[in-house]
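One letter stands for each residue in the lines below.
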Amino acid sequence: MTDVPERTPLPRDFFDRPVLDVAPDLLGRTLVRHSPDGPIELRLTEVEAYDGERDPGSHAYRGRTARNATMYGPPGHAYVYFIYGMWFSINLVCGPEGRAGAVLLRAGEILTGAHLAAGRRPKARNTNELAKGPARLATALDIDRSLDGTDVCAPAGAPITILHGTPAPRARLRNGPRTGVGGDGADHPWRYWIDGDPTVSPYRPRAPRRRTTTAT
């Protein structure tokens, strides 16, 4: 995909590939969020891949449900879910229809519309923190469950569009274990980020659950 204008939406076949190929290739791309308040543009700096029913860390590991149905395709759509009863996160569906796979958008740099993002993230200490983490990203961009299934390959002006942008240089790409994933999927090096970018979130391994005891 060389010599493609930066403002060109990514085509469907970009996402119709193995999730481990799509994930690092998303770094540096531009997400545009159109809302009644105005547009926000964000450069993706950190993502995580989830490989469906073959991946213990994936929502689709135990098969299709009403919650994860969007993960099964078609590719190039947003999978939005509610987590811990508090926050939303957005993923981009990858791979052939019928086979679950998605890339979690973990962090990004706000390029335009920072005042809108800051209004939704008043506790952010600076612009680098506006979308530093998946829940922060979704909050800053006003993304909730109503946008589950949104076609991100649609023409400009759709609620969410992914533009070609400027792909991150391969020399700056890094990968390692995913944040907060435990069990058999803990060591999969499927988190990808742009080295040295200040908007990348800190890595945290999954914390073991503490047992509670009752006094006698």
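Attention now goes to the overall build of the chain. Regarding its fold elements, the chain presents four helices and eight strands. In sequence order, the chain lays out its α and β elements as α-α-β-β-β-β-β-α-α-β-β-β. Relative to the globule expectation of 17 Å for 216 residues, the C-alpha radius of gyration of the chain, 17 Å, shows essentially globular dimensions. Oriented by its inertia axes, the alpha-carbon framework of the chain measures out at about 65 × 40 × 35 Å. A buried classification covers 50% of the 216 residues belonging to the chain. The contacts in the chain between residues at least 6 apart in sequence include a share of 62% that link residues at least 24 apart. When the accessible surface of the chain is split by element, carbon and sulfur atoms take 51% of a total near 10,900 Å². Counting 29 positive and 24 negative side-chain charges, the chain places the centres of these two groups 8 Å from one another.

With that out of the way, let us pick up unusual backbone geometry. The linkage connecting Gly73 with the following residue, Pro74, adopts the cis geometry, with an omega of 0°. Residue position: Pro74 is located in the loop between β2 (38-50) and β3 (78-83). Even without being glycine, Asp142 reaches a positive phi, approximately 55°. Mapped onto the fold, Asp142 is located in the loop between α4 (134-140) and β6 (160-163).

Let us now look at the nonpolar core. The nonpolar side chains of soluble globular proteins are, as a tendency, buried together. Counting residues in hydrophobic clusters, the biggest one holds 42 residues, and the most contacted among them are Phe15, Leu26 and Leu141. Among the elements that line this core, the one with the most residues is β2, at five residues. Each residue touching Phe15, except ones within four places of it in the same chain, is listed here: Leu10, Val22, Leu26, Pro75, Gly76, Leu92, Val93, Cys94, Gly95, Val152, Cys153 and Ile162. One finds Tyr81, Ala100, Ala102 and Leu104 within the second-largest nonpolar core, a separate group that totals 11 residues.

Next up on the list: the packing of aromatic side chains. The final tally for this structure, using the stated rule, is three aromatic pairs. Ring geometry for Tyr79 and Tyr81: centres 5.3 Å apart, planes at 40°, overall tilted. Residue classification places Tyr81 among the buried residues on the basis of a relative accessible area of 8%. Note on Phe82 and Phe88: the rings are 4.7 Å apart at their centroids and 40° apart in plane angle, and the pair reads as tilted. Between the NZ or CZ atom of Arg17 and the centre of the ring of Phe14, over which it lies, the distance is 4.6 Å. Here the basic side chain of Arg191 rests over the ring of Trp193, its NZ or CZ set 4.2 Å away from the ring centre.

Let us look at the environment of Val93. Following the sequence through the fold, Val93 ends up in strand β4 (residues 87-93). Val93 gets classed as buried once you look at its relative accessible area, which sits at 0%. Spatially, the C-alpha atoms of Val93 and Lys123 are 30 Å apart, while their sequence positions differ by 30 residues.

Roughly 1,200 Å³ of volume is contained in the largest pocket. Taken together, 36 residues form the lining of the largest pocket, with Ile83, Tyr84, Arg106, Thr179 and Gly180 sitting closest to its centre. Put simply, the parts of the chain that give the lining of the largest pocket at least two residues each are β2, β3, β4, β5 (102-112) and α4. Counted by class, the lining of the largest pocket contains 17 nonpolar, 10 polar and nine charged residues.

Where nonpolar side chains cluster on the molecular surface, the patch consists of Tyr84, Met86 and Trp87 and spans about 380 Å² of accessible area. Relative to the elements of secondary structure, Met86 occurs in the loop between β3 and β4.

Okay, the confidence of the model for the chain next. Chain-level statistics for the chain give a pLDDT mean of 92 and a share of 94% at 70 or above. Low pLDDT, under 50, characterises residues 211-216; the stretch is placed with zero contacts to residues that sit more than four places away or in other chains.

For the rest of this paragraph, the subject is the environment of Ala69. Here Ala69 is to be found in the loop between β2 and β3. You can call Ala69 partly exposed: its relative accessible area is 24%. Residues Ala69 and Gly98 lie 29 residues apart in sequence; the distance between their C-alpha atoms is 9.5 Å.

Rules behind the numbers
- Along each chain, residue indices are assigned from 1 in the same order as the chain's sequence is written.
- Confidence filtering applies because this is a predicted model: local features only for residues at pLDDT of at least 70, side-chain atom pairs given and counted only at 80 or more, and all residues used for totals across whole chains, interfaces and linings.
- Processing note: side-chain calculations cover all non-hydrogen atoms of the structure and skip hydrogens and water entirely.
- The helix count covers DSSP runs of H or I at least four residues long, the strand count covers runs of E at least two residues long, and both are numbered beginning at the N terminus.
- Put simply, the radius of gyration uses C-alpha atoms, and a globule should come to 2.2 Å times the residue count raised to 0.38.
- The classification of residues rests on relative accessible area computed with a 1.4 Å probe and restricted to protein chains. Under 20% of the type maximum is buried, over 50% is exposed, and intermediate values are partly exposed.
- Working rule for contacts: check all heavy atoms of both residues, and any pair within 4.5 Å makes them a contact.
- Where accessible areas are quoted, they stem from the Shrake-Rupley method and a 1.4 Å probe; at the residue level, only the protein chains shown are allowed to cover.
- Neither His nor the chain ends contribute to the count of charged residues, in which Lys and Arg are positive and Asp and Glu negative.
- Taken as the charge centre is NZ of Lys, CZ of Arg, CG of Asp or CD of Glu, depending on the residue.
- Among the buried residues, those of types Ala, Val, Leu, Ile, Met, Phe, Trp, Tyr and Cys that are joined through side-chain atoms within 4.5 Å form a nonpolar core.
- In summary, the pairing rule links any two rings of Phe, Tyr or Trp, Trp by its six-membered ring, whose centres are within 6.5 Å, and it sorts them by plane angle into stacked for under 30 degrees, edge-to-face for over 60 and tilted for everything else.
- A positively charged side chain is recorded as over a ring if its NZ (Lys) or CZ (Arg) lies within 6 Å of the ring centre. The angle to the ring normal must also be within 35 degrees.
- Only protein atoms enter the calculation, which uses a 1 Å grid: trapped sets of points that fit a 1.4 Å probe without letting it out are cavities, open sets showing protein on both sides within 12 Å along at least five of seven lines are pockets, and any residue with an atom within 4 Å of a point is a lining residue.
- Grid points are joined across faces, edges and corners, and a volume is the space filled by probe spheres set on the points.
- Amino acids outside the nonpolar list (Ala, Val, Leu, Ile, Met, Phe, Trp, Tyr, Cys, Pro) and the charged list (Asp, Glu, Lys, Arg) are all regarded as polar, and Gly is one of them.
- The residues that make up patches have over 30% relative accessible area and no salt bridge, and they are joined within 9 Å when like-charged or within 5 Å when they are Val, Leu, Ile, Met, Phe, Trp or Tyr.
- Take a side-chain nitrogen of Lys or Arg and a carboxyl oxygen of Asp or Glu: if they are within 4 Å of each other, that pair is a salt bridge.
- Along the chain, pLDDT gives the predictor's confidence residue by residue, from 0 to 100.

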